[in-house]
Amino acid sequence: MVSLEQQEKVVFLNSQYQDNSELIQRLTEKLLKDIHSLDLTPKQLSDVQEYLQDKVTIFRFLRDAQFDLNKAHERLLETISWRIENEVADLTFESCIEFFENPEGAFAYYHNTDKSNRPLIFVRLRYFPHEFRDPNKKLIYHIKNYACFMMEIGRKLTWDMTCDRQKKGEACVLVSQMTAIVNIQKAPMLPLDAEIIKTMSMILDERFPGMVDTVNVLNFGWMYQGIWTIVKYLLSEQAKNSIRFTSARELKPFISLDSMLQEMGGNDRFQWSFELDKVLQKYGTGHIKEQLPYTPPASEEHSRSNSISDKEESESEEETFYDATDSLPSIPPVVSSSLPIPDHLPIPMNTTSLTSRAGLRMGTDFLTSFIDTPSNQQDILIPRKLSTSMEHVSQPPPSSSSSSSVIVVNAPLKKKAITRLKHLELVSRSLTHRLLQFTLGQQRGAIYWVLLYFVLRGPVESFIYKSIRRTSFIGPTYLSRTTIGITAVIATVFSTSLSDLVEKYR
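Undergrad: For this particular structure, what's the right way to read the pattern of salt bridges?
TA: Two side chains of opposite charge can pair, provided their charged atoms sit close to one another. The tally for this structure, following the rule as stated, stands at 18 salt bridges. The closest approach of N and O atoms between Arg 124 and Glu 263, which form a salt bridge, is 3.0 Å. Of the two residues, Arg 124 is situated in strand β2 (residues 119-124) and Glu 263 in the loop between β5 (243-246) and α10 (278-283); the sequence distance between them amounts to 139 residues. What makes Arg 124 buried here is its relative accessible area of 2%. According to the relative accessible area criterion, Glu 263 is partly exposed, its value standing at 27%. A salt bridge links Arg 126 to Glu 263; the shortest N-O distance between them is 3.3 Å. Taken together, the residues span a long stretch of sequence, with Arg 126 in the loop between β2 and α6 (139-167) and Glu 263 in the loop between β5 and α10 at a distance of 137 residues. Judged by relative accessible area, which is 22%, Arg 126 ranks as partly exposed. One connected set of salt bridges, linked through shared partners, spans Lys 9, Asp 114, Arg 118 and Asp 213.

Given below as structure tokens:
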């Protein structure tokens, strides 16, 4: 049963959507005229027109701008330019395949709805990828692409759900938000830095405003308290207010236990696979593109996929919707014989290890995840090669007279010897680097943190505990937890210096 507060919120949003339908239409028409003045290719123009067909998105921007048409218009134009620059319309699950190929399941996926008929997205942090195919790109590149891809799926999903409810004559047609459930149980040391946090905040607040209703964090332990104390200062007020640290039992008034995954305390035994993820198949493969009434001719439009059959084009002209009250897996699958399910899920990784994700640093690289940067992934000489090459060093020519004590030194030979000495220096450095990696491993950032934390727990934690207890800012209930969190942050700062020092001499 939906709570009265949730019912009032749904009705209020729906009334705003209905009352401002004319404003939404005016803004849409204004944007459609403006985009023709931009220097867009036929493919880009078609993508933008498809995006502006989504009236729920237009409503979100208007609502976030307090229904100021000019302000919403300016922000939407900026977002359209951002989408073109980042090629958001072309993102598919293959653009971020690493997040879907874990043998135990995807990092995040859409499944079921809450009691207010909003789609649920389940995020399991323990399945964060350990490595990526392109080790030369920063971690933020992969995270940004994945976040944009998943939010784009949510945008299309909520628009389709709204259209379906409108077709069926529902009293409250609008589905403009989704609910996120984040399980941090068994999560690794997360690769967070200031740049990643600010980028995620920008995507949620600026490019997909008002789309996430709440982010419900499950299994939040004391070890994350110190990190959260710092991270929350990088988030907007809107983002902070949407985050809740809760449990499956506390979510019962909002989400049925039958809609919650069993691994998160619910009754749903759903196990993710590409074949069962109908939402990903429909919106994330890049093969389905609706033919809008005002798109350029098909001959001028670049296809999103390498090949789309005539049969698929005719089928894509008919919109398929499903009731928001039904569970999301009931969406008819769009995979056909011409769209085979990828047989490479999961794919064994055969790539250079990205980096350790355990190092937590402050300053410019606050809470950064990298220890072994791509620039350090160089070809390493080994002693066997060196000894082999040293055999080819020319020896001085034998003296013409056995009694002569004068040795003639050939200048090129001396130059070669110096070169070999430089090689020897490189080998010794590489051996030192290998020794550090072998001794401490890629998770040495975590080792530093753990060691320093236990060293600091005695005197430092005792001092912090006594200092906080003298103040009235923290109540007795949270005194111990706050003390542990601050001590963990201090250990992070010191482990940063040690990790940087090792990096310097590698």
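Undergrad: Got a minute to help me understand the sheet that holds strand β3 (residues 178-183) in this structure?
TA: In any sheet, the strands associate via hydrogen bonds between backbone groups, in a parallel or an antiparallel arrangement. Strand order in the open sheet made by the five strands is β1-β2-β3-β4-β5, with mixed pairing throughout. A single partner strand is all that each edge strand has here, and the edge strands are β1 (108-113) and β5. Each strand axis lies, on average, 25° off the axis of its neighbour in the sheet, ignoring direction. Where β3 lies against strand β4 (residues 212-218), six bridges are found, and the strand directions are parallel. Looking at β4, one finds that Thr 179 is bridged to Thr 214. Its contacts with the sheet put α6 on β1, β2, β3 and β4, and the angle it makes with β1 is roughly 20°.

Undergrad: Honestly, the environment of Met 150 in this entry has me stumped. Any pointers?
TA: Secondary-structure assignment places Met 150 in helix α6. What makes Met 150 buried here is its relative accessible area of 7%. Sequence-wise, Met 150 and Gly 284 are 134 residues apart; in three dimensions their C-alpha atoms are separated by 8.5 Å. The residues touching Met 150, leaving out its near neighbours within four places in the chain, are Phe 100, Ala 108, Tyr 109, Tyr 110 and Ile 121.

Undergrad: Please explain helix α1 (residues 4-19) as it appears in this structure.
TA: Along an α-helix, residues three or four positions apart point the same way, because every turn accommodates 3.6 residues. Across its 16 residues, α1 extends 22 Å between first and last C-alpha, which sits within 8% of the 22 Å expected from 1.5 Å per residue. Here α1 has its buried residues at Gln 6, Leu 13, Asn 14, Gln 16 and Tyr 17. Projected onto a plane normal to the axis of α1, the buried residues spread over an arc of 160° and lie on a single side. Exposed side of α1, more than 90 degrees from the buried face: Leu 4, Glu 5, Glu 8 and Asp 19 are the residues found there. Buried-residue contacts for α1 involve α2 (21-35), α4 (55-64) and α6.

Undergrad: What is the right way to look at the environment of Lys 240 in this model?
TA: Along the chain, Lys 240 turns up in helix α9 (residues 237-242). Residue class for Lys 240 comes out partly exposed when judged on its relative accessible area of 24%. Taking the C-alpha atoms as reference points, Lys 240 and Val 215, separated by 25 residues in sequence, lie 9.4 Å from one another. Among all residues touching Lys 240, those that are not within four sequence positions of it are Lys 232 and Leu 235.

Undergrad: Hey, could you run me through unusual backbone geometry in this one?
TA: Peptide bonds are trans in most cases, and residues, glycine excluded, mostly fall at negative phi. Not every positive phi belongs to a glycine, and Glu 87 is a case in point at roughly 55°. Structurally, Glu 87 can be placed in the loop between α5 (69-86) and β1. Non-glycine residue Lys 186 carries a positive phi angle of around 60°. With respect to the helices and strands, the residue Lys 186 is situated in the loop between β3 and α7 (194-207).

The rules behind these values
Residues numbered from 1 in each chain as written. Predicted model: local features only at pLDDT ≥ 70, side-chain atom pairs only at ≥ 80, totals over all residues. Heavy atoms only, no water. Salt bridge = Lys/Arg side-chain N within 4 Å of Asp/Glu carboxyl O. Helix = DSSP H or I, 4+ residues; strand = E, 2+ residues; numbered from the N terminus. Buried < 20%, exposed > 50% of the residue type's maximum accessible area, 1.4 Å probe, protein only. Pairing = 2+ DSSP bridges. Axes fitted to C-alpha atoms, helices over the stretch in contact; angles between N-to-C directions. Contact = heavy atoms within 4.5 Å. Expected span 1.5 Å × (residues − 1). Arc of directions from axis to C-beta.

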